[in-house]
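Secondary and tertiary structure notes
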Amino acid sequence: MDVSAGYPAIFRGYIQRSAQAALETLHSAGPRLPAEQREQSLYTLEFALNLPEAWPAARELLINLGPRLDRAGLREEAALFLQRGLEQCQAAGDLAGQAEIEAQLGGIMLAAGRMEEARTLYSASAGRFAALGDRHSQARALNDWAYLDVLQQRSESAAQLAAQAMSLAGPDDRETTFGQFVLGCLAMERRDWTAALELFQQALAGWQRHDDPVMIARSLSNLGMAQRGAGQHAAAAHSFHQAIALMEALGDRVNQALVRLNLGNLCWAQGEPQQALALFLQAEPVFRQSQDELRLARVNNSLGVVCLQLGRLSQAQAALEASIALSRQVGDRRLAANALDTLGELHIQQGDPTAALAWHDAALAELGELAGQPGYAGLVADIQRHRQEALAALRRP
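Nothing here was measured: the structure is a model prediction, and the numbers come from that model.

Here we take up the packing of helix H16 (residues 313–330) against helix H17 (residues 333–349). Interhelical geometry of H16 versus H17 gives an angle of 160° and a closest axis separation of 8 Å. Put simply, H16 runs roughly antiparallel to H17. Here the hand of the crossing between H16 and H17 comes out left-handed. Residues Leu 313, Ala 316, Gln 317, Leu 320, Glu 321, Ser 323, Ile 324, Ser 327 and Arg 328 of H16 lie in contact with H17, whose contacting residues are Leu 335, Ala 336, Ala 339, Leu 340, Thr 342, Leu 343, Leu 346 and Gln 349. Considering only residue class, the contact of H16 with H17 consists of 10 nonpolar, 5 polar and 2 charged.

So, in structure tokens, the structure goes:
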């Protein structure tokens, strides 16, 4: 049943004009949208999605509003509206709109830890854009898919997808810049800090050329991670603080929390566990509220490590167990293995080396399918070293 059929002609005209006005407001607002304007835009969109003749304006309003809802941490709300938009596209035969919404919805599924749904959406989006001859948008969907593979340690596939995306884009295209970011992530996985620094610096320069403050902020965070890996701790802290300030100005709560997580890990590495703990406790509620299970797994892992160091053993155990469950759910076996290994260390502190050995063995089993992947050998060596400590404790009278 067409809900809009009962709308009087005057009201239908009002909805169309309101949708167009809301779209113009979005364009003039810049990257950060005040909460009042966001709520007004959502109110208008609610009606516009029920009115077929308002679809062109409603489509653009939805596509422009989706990323802003994501940055504000309103992912569940964004997913509901995008799903409705997807249904409208299918009903209207709007293939371009469908491809764009599939790509956005893929990002929300990724953050929610629904990786296979995200993969299906990215694949469908890339295929649809290819059929439409839209090389730029096809490259964007391929890059998003590549980043998903980075997160799931599918390094070879991620590199191939990024290369395909960059082959579709020009040297100064935004998607070439995003491809550099993906390749930088893969370089970090290999602990090739020289390559990672170069690629992330290239990506940052690219986003500055494109005058994209959202991606500039995210690139500063990535650069900080590479600087930390290269031992450039002061430079890393500077990059993280720059990113946090820029994300605050943009109202990007979720990625600001991610940078706080990265800065907390840097503080921990520098022997500042109390500062690290404070940063982790700032980040955790944001990930929980936005249902970002991928980052929630990471922050719980970090909380577990720092709480263990501070002697807060029950808090450490709860955080590590949460990280293991979430890591398995989102398909990050390395993170799960890391948390299992830390649980083994916790049981050593509790004077139970037998239980510690069981956790270390579980960590090794978790890595079973990842042999040969970047980072595998180093993590196995760490677990084996901790396992030897547990065996030594077991032999002591």
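What follows covers the packing of H17 against helix H18 (residues 353–366). With their axes 7 Å apart at the nearest point, H17 and H18 run at an angle of 170° to one another. Accordingly, the angle class assigned to the pair H17 and H18 is roughly antiparallel. Taken together, the residues of H18 that come into contact with H17 (itself represented by Arg 333, Ala 336, Ala 337, Leu 340, Asp 341, Leu 343, Gly 344, Glu 345, His 347 and Ile 348) are Pro 353, Ala 355, Ala 356, Trp 359, His 360, Ala 362, Ala 363 and Glu 366. Looking at the contact of H17 with H18, its residues break down into 11 nonpolar, 3 polar and 4 charged.

Leu 45, Leu 110, Phe 200 and Phe 287 are the most contacted members of the largest nonpolar core, which totals 108 residues. Residues in contact with Leu 45, not counting those within four places in the same chain, are Ala 58, Leu 61, Leu 62, Leu 65 and Phe 81. By size, the runner-up hydrophobic cluster in this structure holds 12 residues, among which are Ala 339, Leu 367, Leu 370 and Leu 379.

The rules behind each value
- Residues numbered from 1 in each chain as written.
- Predicted model: local features only at pLDDT ≥ 70, side-chain atom pairs only at ≥ 80, totals over all residues.
- Heavy atoms only, no water.
- Axes fitted to C-alpha atoms, helices over the stretch in contact; angles between N-to-C directions.
- Helix = DSSP H or I, 4+ residues; strand = E, 2+ residues; numbered from the N terminus.
- Parallel < 35°, antiparallel > 145°, perpendicular 65-115°, else oblique.
- Left-handed = near helix turned anticlockwise from the far one by under 90°.
- Contact = heavy atoms within 4.5 Å.
- Nonpolar A, V, L, I, M, F, W, Y, C, P; charged D, E, K, R; others polar.
- Core = buried A, V, L, I, M, F, W, Y, C linked by side-chain atoms within 4.5 Å.
- Buried < 20%, exposed > 50% of the residue type's maximum accessible area, 1.4 Å probe, protein only.

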